[in-house]
Structures are given as structure tokens and as C-alpha cells.
Protein chains: 2
Amino acid sequence: MSYQSSVAQDSLAAAQLEMAGNPNALALRRPFDPVAHDLEASFRLTRFADLKGRSCKVPQDVLGKLVESLQQDYSQEQDQFMHVAIPRIGIGLDCSVTPLRHGGLCLVQTTDFFYPLVDDPYMMGKIACANVLSDLYAMGVTECDNMLMLLGVSTKMTEKERDVVIPLIMRGFKDSALEAGTSVTGGQTVINPWCTIGGVATTICQPNEYIVPDNAVMGDVLVLTKPLGTQVAVNAHQWLDQPERWNRIKLVVSEEDVRKAYHRAMDSMSRLNRIAARLMHKYNAHGSTDVTGFGLLGHAQNLASHQKNEVSFVIHNLPVIAKMAAVAKACGNMFQLLQGHAPETSGGLLICLPREQAAAYCKDIEKQEGYQAWIIGIVEKGNRTARIIDKPRVIEVPAKD
Amino acid sequence: MSYQSSVAQDSLAAAQLEMAGNPNALALRRPFDPVAHDLEASFRLTRFADLKGRSCKVPQDVLGKLVESLQQDYSQEQDQFMHVAIPRIGIGLDCSVTPLRHGGLCLVQTTDFFYPLVDDPYMMGKIACANVLSDLYAMGVTECDNMLMLLGVSTKMTEKERDVVIPLIMRGFKDSALEAGTSVTGGQTVINPWCTIGGVATTICQPNEYIVPDNAVMGDVLVLTKPLGTQVAVNAHQWLDQPERWNRIKLVVSEEDVRKAYHRAMDSMSRLNRIAARLMHKYNAHGSTDVTGFGLLGHAQNLASHQKNEVSFVIHNLPVIAKMAAVAKACGNMFQLLQGHAPETSGGLLICLPREQAAAYCKDIEKQEGYQAWIIGIVEKGNRTARIIDKPRVIEVPAKD
């Protein structure tokens with residue numbers, strides 16, 4: 001590990017500029033303005049990578065083939081841990097769960113990293129942290145014991161750009177970790193052509209603190225806790241700078257709509273799924289996953305494939321950030337949003353809940369956080385697959401004021 | 001986290017080709033031959049990044065400034081953990097150590113990733129894993145509970161190259177983890193311009209399982225468990241393909257020497273520091289660090305700066321892979337090897353040992369592993385710095401047969 005200590009105050013100053021002098025006054029936070037940091041007005045963090053967010057992922061089928069060499073000793077490893085009652089689970093789920101040498105405890109762990117998808121470095125840090133933590137929350141784990149940060153500083157950044165942007169990303173990451181009741185104790189920073197940002201989240205817990213996501217039963221319903229369309233929104237926002245792209249969508253959306261959707265997306269991506277996870281225990285969730293790089297349907301299918309019972313998931317409703325369904329349609333099949341394949345970053349939890357508890361779950365999360373959750377589908381008898389019905393209902397989710 | 005399951009067998013086949021059909025017969029393993037995998041004879045893994053190994057690191061001073069934003073809440077976090085007796089240590093050391101909610105245990109954790117520095121993908125995987133684990137070993141922790149793997153697949157690789165190389169890297173990483181008594185339960189794989197490889201190592205342990213590296217006393221000696229010169233060796237080996245570079249060093253070294261040094265370096269970098277760590281407990285080590293990206297002196301200085309007592313480190317001897325000191329000299333000041341600044345990858349442990357125990361430590365490690373360790377310096381009264389004497393003795397370390 002490679003963080004070294006030092007006493008320079010520059011990065012703190014940079015962060016405080018963002019916070020209007022008050023590190024705790026997030027509500028008062030000004031949006032990132034490159035000029036206020038002596039950078040060119042045209043500076044865009046998202047230009048330091050050719051891929052964005054979760055679309056950087058190696059395709060699901062290719063990855064499956066590549067990790068085969070990890071899979072094959074799987075049963076062996078299970079034997080090795082036969083003296084403990086906890087099954088060794090991990091590959092294919094959101095987190096790995098490893099039984100420990102110490103009485104009854106297990107290690108729940110996840111890692112994730114990707115490329116900038118918003119231009120505000122502080123928000124990018126928050127989103128990256130929320131995204132890493134989301135894998136823990138998907139397993140119902142609400143406490144994170146430690147985080148590490150993984151950073152790649154782009155070779156194409158000037159020194160000045162680096163000294164402005166990297167401390168802000170770090171600060172955003174760290175603030176999000178604090179909000180989650182954890183902290184960042186180390187990490188690794190390298191030089192890389194593309195800017196990269198990610199981390200590791202680790203929890204040591206009792207088996208009752210996590211929910212093995214394999215227990216869906218016929219009659220359950222599916223709840224989604226954040227709207228879809230984050231990738232469409234960040235792309236549409238970038239197109240405001242690119243007339244030939246903008247012309248493709250300007251008939252269905254205004255500049256104002258796009259800005260609102262972009263801010264709604266940033267707000268959504270930086271929101272922790274922690275309360276969503278806590279309420280899973282209260283309302284007896286049968287399993288959950290978070291919606292990220294493989295899109296709603298990709299993750300639904302993965303969750304379905306892990307079920308003990310012979311069930312399938314059918315999705316009827318698609319909550320989408322306002323106007324983004326129209327933008328996606330105007331772009332032809334490019335995003336595959338309504339087909340369920342559009343990658344999301346730091347998306348919501350997709351949760352299997354007993355039918356009689358789902359409405360209370362949605363009401364409770366809205367009461368606690370002020371954000372809606374939606375019942376989007378049902379669990380029926382089937383062969384462990386998932387599908388979206390032919391003409392799903394699109395629920396337009398407006399920007400929050 | 002994003003590993004998805006699948007049943008394809010291609011990667012296994014690729015790995016078995018490397019293992020001559022027997023995954024356990026490492027001794028019989030053939031060196032990587034691109035042609036045997038239907039790749040071009042000119043295929044070189046190291047061409048998929050412009051930087052190699054630890055030289056990819058953000059410079060020590062720059063990094064210090066960047067992580068300032070993590071440092072500042074440090075004292076706060078200590079308060080928060082005042083109810084436990086374990087100090088919160090981490091940033092600046094090889095691992096982070098976090099007290100846990102569960103009786104007396106702590107979480108010891110580290111992460112590292114970098115770029116290919118050898119052309120054999122399987123060996124690259126082993127080296128990356130040994131390098132990550134080394135941070136645990138530097139703290140005297142000998143058991144690793146879990147590993148995650150971090151991979152970047154180069155955008156410049158053909159599909160064929162990817163399908164050959166990535167499973168081999170994964171297999172090497174995994175085999176090294178098994179050798180260390182641990183396993184890889186997940187990770188993240190992304191597409192990136194440069195090929196990247198790294199991981200996360202995590203242990204949950206009792207406080208007596210790790211050694212806080214701050215206890216050096218006057219009269220201690222410094223022991224180093226691996227020779228220096230890995231970066232010089234991998235560079236010299238690449239220069240065999242580059243006549244204009246090769247001409248600069250061919251007067252001081254033969255092609256055969258370079259090949260031997262390269263294999264010695266690979267062997268050394270893929271060797272675990274686990275026994276070195278175990279023996280630290282037996283011989284009452286006062287602290288240790290592993291020698292990696294900041295070179296012997298950089299890490300010695302960092303270790304010195306963390307000491308409780310007013311001590312300094314003075315280094316007299318530099319064990320170097322045979323002929324690599326001559327190569328470094330022939331390249332002018334480029335590597336800064338004899339100045340202690342040449343980056344190493346998966347280098348040895350630099351250990352402060354009571355003078356009367358050091359010889360026994362060295363003898364024991366040689367008996368158990370067949371590798372020499374060296375007493376390279378002393379701990380004297382001072383202001384927590386480290387230096388190499390004016391004309392250090394260079395110990396030529398031959399290739400193992």
C-alpha cells in the first residue's frame with residue numbers, strides 16, 4: 001500500500017473552496033467551476049477516459065469465460081471450509097463472503113473501479129464511494145468497517161489540473177465514506193492514461209447481518225429503489241457541448257430538461273443504498289442485488305439464476321429519470337434502456353420482498369429519505385430467468401427540487 | 001463487484017497448456033511462448049503499458065500532498081476508537097489496521113495494482129499476488145483471509161490475445177494465493193488503455209498477530225530478504241529487443257547474464273515474503289517494511305520516520321542481482337540503484353532485528369527457503385532518517401540454478 005504522509009495544505013484549501021469554506025455544508029456546496037480553480041473553462045473531467053462509468057466493464061459473457069479459472073476450484077474451497085456452517089459464496093454475487101478463523105464471523109468484501117462520468121470531481125468521488133458501498137448494501141450489510149481508495153491519475157492531466165481535481169475526488173470519496181459511518185484508511189494511486197476511481201469496502205460481521213440473495217418465492221414482488229437512466233442522462237449532458245449529437249435529441253428534450261436530469265442522476269448516484277439495505281431486514285427481504293453495469297435486466301437475470309426455488313422474475317414497470325426514456329428512444333437502440341440493458345452507475349437495489357410487505361417498504365424508505373421506491377415486477381414460477389414484458393409502463397421520475 | 005459465473009473451459013485449457021497439463025507441476029512449467037498459443041512471436045505483454053511495475057507510482061512527494069485530504073481527520077478518527085486499546089494506524093504504513101466492533105479483533109488490509117513488467121502472463125499474475133500479500137507480511141501478518149483481484153484488460157489487445165493472456169494472469173494470481181494459504185473470491189475487471197493487474201489482501205486477526213513497525217532501538221541491525229535490481233533486470237531484458245539500448249550496456253553484460261538476471265528477478269518477485277514474516281515473530285523483529293516502488297532508501301526513510309525512538313538507519317551493503325549493478329552504472333544515473341532509489345516490485349522485507357538475533361534469522365530463512373538474506377545496515381541514534389553510506393559494498397547475488 002502506498003499512501004505516504006505529508007503536511008501540505010493545498011488540497012484542503014481546494015476542497016474548502018468547493019465547500020464554500022465549510023466542509024460540512026454540503027447543501028451549500030457550489031457546483032464545480034473549473035475557472036474558480038484557475039483551470040480552463042473548457043476543462044471536463046469526463047474527457048480523461050474514453051469510456052464512462054459502468055460501460056467500461058468487460059462484457060458479461062467475456063468476463064464469465066475469463067473468470068472460469070477462478071471458478072473451477074470452487075467446490076474444493078467449500079470443502080476446505082466444511083468445519084464452519086457458513087457456505088462460501090461470492091463469485092457471481094455482489095460481495096464475497098468468507099468464513100473467518102474467528103468464532104462465527106465472516107468477511108464480506110467488494111471492490112469496484114471505473115472512469116469519470118460526471119465533470120464535478122467532488123461528486124465523482126462521492127459517486128464512486130456510494131457505488132462501492134452499494135455492493136455491501138445489496139447483501140443487506142449496513143455497516144462497513146473499512147474502505148480503501150483506488151485512484152488512477154491520468155497521464156494527460158497537467159500538474160495544475162491534477163492538483164485541483166484529485167484532492168476533490170478524494171474529498172468526495174471520503175465524505176461519502178463518513179456519511180456511511182466508515183472511513184478510508186488507505187489505498188493505491190497510480191498514473192494511468194485514463195483517470196480511474198474506485199475502492200474496496202470491507203465488513204466483518206455475524207451471519208445474521210447479511211442476507212443471502214437466493215430466497216425469492218412465488219408471489220414475491222420486485223422493488224427498485226432508484227430510477228433508471230443515469231447513463232442516458234450523463235451522456236445527454238455531454239452532448240450539450242456537441243452540436244451534431246445534440247441535434248439528434250433536441251426535438252424531444254430541452255437543455256433545461258437535460259440539466260435537470262443530469263443533476264437528478266448525480267444526486268441519485270451519490271445517494272447511499274444504506275437505508276434501503278437496513279429496511280430489507282425490517283421487511284424480510286428474500287434477496288437483492290444492485291443495478292449497475294449490466295443494466296436492470298442483466299442484474300435481474302443474475303439474481304434469478306442464483307435462486308434456490310424454481311422462480312422467474314417478470315418486470316412490468318420502468319421508473320426512469322424524467323425525459324430520459326424519450327432521449328433513449330430518439331437515439332434508436334443505442335442505450336437499450338427500455339430493453340433493460342442500459343448500464344447504470346450506483347443504481348438502486350432490486351429487492352425481492354413478500355407481497356404484503358412491499359408497500360410498507362416503499363412507504364418507509366420515502367418517509368426516511370424523501371425518495372420514492374417502486375414495485376416494478378413479480379416473482380412467478382419459472383426456470384430462474386428474468387424478463388421485461390413487451391410494453392412496460394415507463395414511470396417518469398421528476399428531478400427533486 | 002462483478003465476477004459472473006460461466007462454464008466455458010477455454011481459459012482452463014490455456015492455463016493447462018502452460019502447466020504442461022499438470023496444474024501442480026510448477027517446477028515443470030514451460031516458459032510462456034506466444035507461438036504455442038497462436039499469438040505472434042513478437043507478442044510482448046509489457047508493451048501494453050508505457051510504465052512498468054512500481055515505476056507507475058505517483059511520486060512520493062506528490063502523493064503526500066494529494067492524500068493530505070485524507071490525513072486531516074486522522075486525529076478525529078483516533079478519538080472515535082478511543083474505547084479500544086488498539087491505535088488506529090495505516091496511512092504511511094504498508095497496511096491499514098482498523099479495530100473492529102467484534103471483541104479485540106482488527107482488520108489488516110492492503111491494496112496494490114500496477115502494470116505488466118514481465119512478458120510471461122502467468123508469472124505476472126504470481127508477481128502481482130506476491131506483491132499485494134507482501135504488505136501484510138511486512139507487518140508480520142502471515143495469514144491472509146481473503147483476496148480480491150483487480151484487472152484492467154488493455155483496449156489494444158486483440159480478442160485472441162485477451163483470451164490467452166488474461167486467464168493465465170488470473171491463474172498465476174490464484175496459484176500464488178493458494179500457495180499463501182488463501183484464495184481469491186472476487187474482484188473487478190475493466191477495460192483500460194494499459195493492462196493493469198493488482199489486488200486486495202485482507203486479514204482479520206488478534207493484535208498479537210501483527211508487528212507495529214515503530215520499535216527499532218539503537219544497536220539493532222537491518223536485514224534485507226531479497227536482492228535489489230529487479231527493475232534493472234526487467235529493463236535490461238527488454239533491451240535485448242532494442243539494439244540502440246542494448247549497445248549502451250553490452251560492454252558490461254552478456255545476453256546470457258541478462259537472461260539469468262531476468263529469471264532471477266522473476267523468481268524473486270514471485271516469491272512470497274511469508275516465511276520472512278513468520279520468522280520476524282520468532283526472532284523478535286522491531287519493525288519492518290517491504291521494498292517496492294520508492295526503492296530501498298525511500299522505504300527505509302519511511303520506516304525510520306515512524307519510529308518511536310530517536311534512531312536513524314545507516315545502510316552499508318547492497319545485495320544486487322548479479323551484474324545489475326554494472327548495468328545500472330553503464331546507464332549513468334538513470335536507475336539510481338546504488339543511491340537506493342531504483343523501484344523494486346515485490347521486493348524483500350527490510351527488517352529491524354536485535355543484533356544478536358539477526359544472524360540466526362538469516363540462517364533460518366536460508367534453511368527453510370534456500371534463499372539468502374543479508375545484514376545490510378545498522379540502527380544508530382538519530383533523527384528518524386535513513387541513509388546509504390558513501391561507498392556501499394555491492395554484494396553480487398547469483399542466479400539460482
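Residues numbered from 1 in each chain as written. Chains lettered and ligands numbered in written order. Predicted model: local features only at pLDDT ≥ 70, side-chain atom pairs only at ≥ 80, totals over all residues. Heavy atoms only, no water.

For chain A, the name recorded in an unreviewed UniProt entry is (diamondback moth) hypothetical protein, with Plutella xylostella as its organism.

A. Region of the structure containing the packing of helix α5 (residues 121-138) of chain B against helix α9 (residues 255-270) of chain B. Residues and elements named next belong to chain B. Running from N to C, α5 and α9 point in directions that differ by 45 degrees, and their axes come no closer than 7 Å. Between α5 and α9, the interaxial angle falls into the category oblique. Taking contact as the criterion, the partners of M123, K126, I127 and A130 in α5 are, on α9, M266, M269 and S270. Taken together, the residues of the contact of α5 with α9 break down into five nonpolar, one polar and one charged. (Axes fitted to C-alpha atoms, helices over the stretch in contact; angles between N-to-C directions. Helix = DSSP H or I, 4+ residues; strand = E, 2+ residues; numbered from the N terminus. Parallel < 35°, antiparallel > 145°, perpendicular 65-115°, else oblique. Contact = heavy atoms within 4.5 Å. Nonpolar A, V, L, I, M, F, W, Y, C, P; charged D, E, K, R; others polar.)

B. Examining the layout of surface pockets more closely. Residues and elements named next belong to chain B. By volume, the second largest pocket is sized at about 980 Å³. Lining of the second largest pocket is provided by 35 residues; of these, P31, D120, M123, H263 and M266 occupy positions nearest its centre. Put simply, the parts of the chain that give the lining of the second largest pocket at least two residues each are α5, α7 (230-239), α9 and α10 (274-282). In terms of residues, the lining of the second largest pocket owes the most to one element, α9, which gives six residues. Of the residues assigned to the lining of the second largest pocket, the class counts are 15 nonpolar, six polar and 14 charged. (1 Å grid on protein atoms, 1.4 Å probe; cavity = no way out; pocket = protein on both sides within 12 Å on 5 of 7 lines; lining within 4 Å. Points joined across faces, edges and corners; volume = space filled by probe spheres on them.)

C. The arrangement of the sheet that holds strand β8 (residues 311-321) of chain A in detail. All names here are of chain A. In spatial order, the strands read β7-β9-β6-β10-β8-β11; together these six strands make up an open sheet with mixed pairing. Each edge of the open sheet is held by one strand with a lone partner, namely β7 (287-290) and β11 (386-397). Within this sheet the neighbouring strands show an average axis-to-axis angle of 20 degrees, counted without direction. Bridging between β8 and strand β10 (residues 374-381) involves five bridges; their strand directions are antiparallel. Residue pairing across strands places V314 opposite I378, the latter belonging to β10. Along the sheet, helix α10 (residues 274-282) makes contact with β7 and β9 (349-353), crossing β9 at roughly 10 degrees. (Pairing = 2+ DSSP bridges.)

D. Looking closely at the packing of aromatic side chains. For the structure shown, the criterion picks out eleven aromatic pairs over all chains. A ring pair is formed by W239 of chain A and F335 of chain A, whose centres lie 6.0 Å apart and whose planes are at 35 degrees; its orientation type is tilted. Of this pair, W239 of chain A sits in helix α7 (residues 230-239) while F335 of chain A is found in the loop between α12 (324-330) and β9, placing the two residues 96 residues apart along the sequence. Look at F43 of chain B and F48 of chain B: their rings are 5.6 Å apart centre to centre, the planes differ by 40 degrees, and that puts the pair in the tilted class. Here F43 of chain B and F48 of chain B have matching classes, each one buried. Through successive ring pairs, a cluster of aromatic residues spans F32, F43 and F48 of chain A. (Phe/Tyr/Trp six-rings, centres within 6.5 Å; stacked < 30°, edge-to-face > 60°. Buried < 20%, exposed > 50% of the residue type's maximum accessible area, 1.4 Å probe, protein only.)

E. Looking closely at the sheet that holds strand β3 (residues 146-154) of chain A. Residue and element names in this part refer to chain A. Taken together, the five strands give an open sheet; going across it, the order is β1-β2-β5-β3-β4, and neighbouring strands pair in mixed fashion. Of all the strands in the sheet, just β1 (96-99) and β4 (184-192) have a single pairing partner and so form its edges. Neighbour-to-neighbour, the strand axes of the sheet open up by a mean angle of 15 degrees, direction not taken into account. Pairing between β3 and β4: eight bridges, direction parallel. Across the sheet, residue G152 finds its bridge partner in β4, namely V190. The sheet strands contacting helix α6 (residues 159-179) are β3, β4 and β5 (196-205), and the helix crosses β3 at an angle near 160 degrees.

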